Structures are given as C-alpha cells and as structure tokens.
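# Secondary and tertiary structure notes
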Amino acid sequence: MTGWSASAIRAIGGREYAYMAKDLIVPLVVPMLFAVIAVIVFLVGDRLRPDSWRQSDDEASHGLVLDLVNMFFAAVVAFVVVIAWQQYDNAHAHTVDEAKALLEIHAAAGELDGAEGPRIQELAQAYTDEVVSREWAVMDEEGRLSADAQQRLDALGAAVTAVPATDPQVAEVRTGMLTALGTVEEARYDRALDAEYHMPRFLYIALWLATAMLLSATVLSGVVVTRKSVIMTALFGLVVGGVIIAVYQLDRPFSGGNVVSKDAFELTLSRFADQAGDTGTGS
C-alpha cells in the first residue's frame, strides 16, 4: 500500500481549512443575513400595506420588539436550563448506578468462603472511599477522573476475575459479581463523560445575545430616568444575573457551585459497614 501523495495531503488540508472557515463564518453571516432580510421585509411591507394598518407613532413597534425580545430570552433560558438540568440529572443517575453495583459486589463477596471474599470487599471499599475522598475533588478542579481510583477499580476487577469457578455456587456468585462489575465500569465511563461535559458554545452565544437585547430594552422603551425606574432596572438586572449564574452552575455537573452530590457513594460506604457487621454476627 502506497503512502499519501502530496496532492492528496494538500486536498485534505484544503477541505479541513474550508470546514474550519465555514464553522467560523456561518455563525456570523447567517444572523447578519436575517437582519438584512428583516429590514427589507419591513421596508417593502411598509410600501405594500394599507394605510389603515399604519400607526401614528412608533410606540406599537417598540412594544412589539420588546415583547419579541422577552419571548426570545425566555425561550433561550428555558432551552438552556432544560438541557443543563437533564445532563445534571443524568450524571447523578450514573453515580447511583455505580454505587449500587459496588454494593452488590460487596454483598456477593460476603457469600464466598476463604480469603477471596474479604479481599474483594476490602478492594470495593477502597475504591469507593477513593472516589468519595479524592476523585470528586479531581473532577471539580480538573474535569476528569482520578488515575488512582481507576487503579483501585482495576485491582477489584482482577480479584473478582481470579475467583475460582469450579464450584457451581461459587461460579454463580462470581457471575453476579462480574455483572455488577460491568455496571460499575459502564457507569464510571459515563461519569467520565459527564465530568468533561459543557454546554455547546452556540447556546452561550444565543444566551448572551438575548441578555444584551433584554438589557437594552429599557433604553429602547424610552423610560424616563427617575429614582423609581433606576431601582426597578437594578432589580431587573439582579434577576437576569441570577439566571445567568444558575445556567453556568448547572453547566458542568461535577464542577462549579452546583456539583452533583456524592451521597450515593457515601450511603454505599455506610452499607459496607452494615454488611461487614452482619457477616461478623453470622459467623
């Protein structure tokens, strides 16, 4: 198989440059194009509409524009908040699935005779404790999972895999632990994606554009500057700022001011202690 020719490489590079230019130009050109179209429709329509449709002043147009701005801001905020909250809720669900699967492994290991059971329980607890005590901080500060926690999970997987399956009852317990281990690994993979997730850039552009239009509404409405209007405008700005902060805090499920709770793992740690106590009592 021959290597790529110079012309083929240049062609690929040219296509990549064209795609990059398209990604940069389209978000700027399309809104400007629609602005021009809106003005053209407005001017042409003004010549075609009947005189009975005309307003004596531009107060009606101000009201229409302000209503559209308010609707646009509300729609963008609602859309962004729904997406962010759904991602936040999914991230919490992944932690619950992972913690419940760890509890299943720990409980199943208690049914094993010999040294394998306590060893697996010890590794399951060590991994869970690593996630609670250190990995949550890594996700918050760096937006990724901890390598130390992954090593502990690998050790747990190796211990579960090493359980001999000659006895039918032991084989059944081992199969259950392997199934739960697969759930842990899948949920951890999802949690890694959740830790890296952030809102698409175009949504933030739309949000800040809507915010700028909304804050400019007080100027366009022609409100007289008085003490009362200044206070009302300040309160209005506080509400808008609170909405923006709420959106940013929901953006990254494991970073910022609204981090997904680790209560599922903490509950699992407490259940580990209960299971260990039950095992000791039973023995």
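One numbering rule holds for all chains: residues counted from 1, following each sequence as written. The model is predicted, so local features are restricted to residues of pLDDT at least 70 and side-chain atom pairs to those at 80 or more, both for listing and for counting; the totals for chains, interfaces and linings are taken over all residues. Only heavy atoms go into the side-chain values, all of them from the structure, while hydrogens and water stay out.

Helix and strand counts for the protein chain stand at nine helices and zero strands. Classification of the 283 residues of the protein chain by burial places 28% in the buried group. Across the protein chain, every contact between residues at least 6 apart in sequence was considered, and the portion connecting residues at least 24 apart equals 80%. Taken as a whole, the protein chain presents about 18100 Å² of accessible surface, with 64% of it coming from carbon and sulfur. In DSSP terms, a helix is any run of H or I states spanning at least four residues, a strand is any run of E spanning at least two, and both are numbered starting from the N terminus. When a residue's accessible area, from a 1.4 Å probe over protein chains only, is under 20% of the maximum for its type it is buried; when over 50% it is exposed; and in between it is partly exposed. Any two residues having at least one pair of non-hydrogen atoms within 4.5 Å are treated as being in contact. What sets the accessible areas is the Shrake-Rupley method with a 1.4 Å probe; for residues, cover comes only from the shown protein chains.

Where nonpolar side chains cluster on the molecular surface, the patch consists of Val 29, Leu 33, Ile 37 and Val 41 and spans about 340 Å² of accessible area. Along the chain, Leu 33 turns up in helix α1 (residues 6–48). Note that patches include only residues with greater than 30% relative accessible area and no salt bridge, and the join distances are 9 Å for like charges and 5 Å for nonpolar side chains (Val, Leu, Ile, Met, Phe, Trp, Tyr). The term salt bridge refers to a pairing of a side-chain nitrogen on Lys or Arg with a carboxyl oxygen on Asp or Glu at a separation within 4 Å.

Side-chain rings of Phe, Tyr and Trp, where Trp is taken by its six-membered ring, are said to pair if the distance between their centres is within 6.5 Å; with planes under 30 degrees apart they count as stacked, over 60 as edge-to-face, and otherwise as tilted. Counted according to the given criterion, the structure contains three aromatic pairs. Centre to centre, the rings of Trp 136 and Phe 265 are 5.6 Å apart; their planes meet at 70°, and the pair counts as edge-to-face. Taken as a pair, Trp 136 in helix α3 (residues 116–142) and Phe 265 in helix α9 (residues 263–282) lie far apart in primary sequence, 129 residues in all. The class of Trp 136 is buried, set by a relative accessible area of 8%. Overall, the relative accessible area of 0% leaves Phe 265 in the buried class. Among the aromatic residues, those joined into a ring-pair cluster are Trp 136, Phe 254 and Phe 265.

As a further point, take the nonpolar core. Among soluble globular proteins, nonpolar side chains are generally buried collectively. Note on terminology: a nonpolar core comprises buried Ala, Val, Leu, Ile, Met, Phe, Trp, Tyr and Cys residues joined through side-chain atoms within 4.5 Å. Ile 105, Ile 120, Leu 156 and Met 177 are the most contacted members of the largest nonpolar core, which has 52 residues in total. Excluding its chain neighbours within four sequence positions, the residues that come into contact with Leu 156 are Leu 102, Ile 105, Ile 120, Leu 123, Ala 124 and Leu 181.

Glancing now at the environment of Ala 264. Among the structural elements, Ala 264 can be located in helix α9. As a C-alpha pair, Ala 264 and Ala 93 span 171 residues in sequence and 9.4 Å in three-dimensional space.

Next up on the list: helix α5 (residues 168–196). Along its 29 residues, α5 runs 43 Å from first to last C-alpha, staying within 8% of the 42 Å computed at 1.5 Å per residue. Taken as a whole, α5 has its buried residues at Val 173, Arg 174, Met 177, Ala 180, Leu 181, Val 184, Ala 187, Arg 188, Arg 191, Asp 194 and Ala 195. Here a polar contact is taken to be a pair of N or O atoms separated by no more than 3.5 Å, where protein atoms must pair a possible hydrogen donor with a possible acceptor and residues adjacent in sequence count only if both atoms sit in side chains. You can read the cap of α5 off the contacts: a side-chain oxygen lies 2.9 Å from the backbone nitrogen of Gln 169, and it is on Asp 167. Any helix carries an expected span of 1.5 Å times its number of residues minus one.

Turning to the packing of α3 against helix α4 (residues 147–161), a few remarks are in order. What counts as an axis is a line fitted to C-alpha atoms, over the stretch in contact for a helix, and the angles between N-to-C directions run from 0 to 180 degrees. α4 packs onto α3 with a crossing angle of 165° between their chain directions and a minimal axis gap of 9 Å. By the criterion of interaxial angle, the relationship of α3 to α4 is roughly antiparallel. Along this stretch, α3 crosses α4, giving a crossing that reads as left-handed. Where α3 abuts α4, its residues Ile 120, Leu 123, Ala 124, Ala 126, Tyr 127, Glu 130, Val 131 and Glu 135 lie against Asp 148, Ala 149, Arg 152, Leu 153, Ala 155, Leu 156, Ala 159 and Val 160. For the contact of α3 with α4, a count of residues per class yields twelve nonpolar, no polar and four charged. Throughout this description, any angle smaller than 35 degrees is read as roughly parallel, any larger than 145 degrees as roughly antiparallel, any in the 65 to 115 degree range as roughly perpendicular, and the remainder as oblique. In a left-handed crossing the near helix is turned counterclockwise from the far helix by less than a right angle, and in a right-handed crossing that turn is clockwise. Put simply, Ala, Val, Leu, Ile, Met, Phe, Trp, Tyr, Cys and Pro go in the nonpolar bin, Asp, Glu, Lys and Arg in the charged bin, and everything else, Gly too, in the polar bin.

Okay, the confidence of the model for the protein chain next. Here the protein chain averages 80 in pLDDT, while 78% of its residues score no lower than 70. Confidence of the predictor at the level of single residues is captured by pLDDT, which takes values from 0 to 100. Within the protein chain, the lowest mean pLDDT, 63, falls on α1, and the highest, 94, falls on α4.

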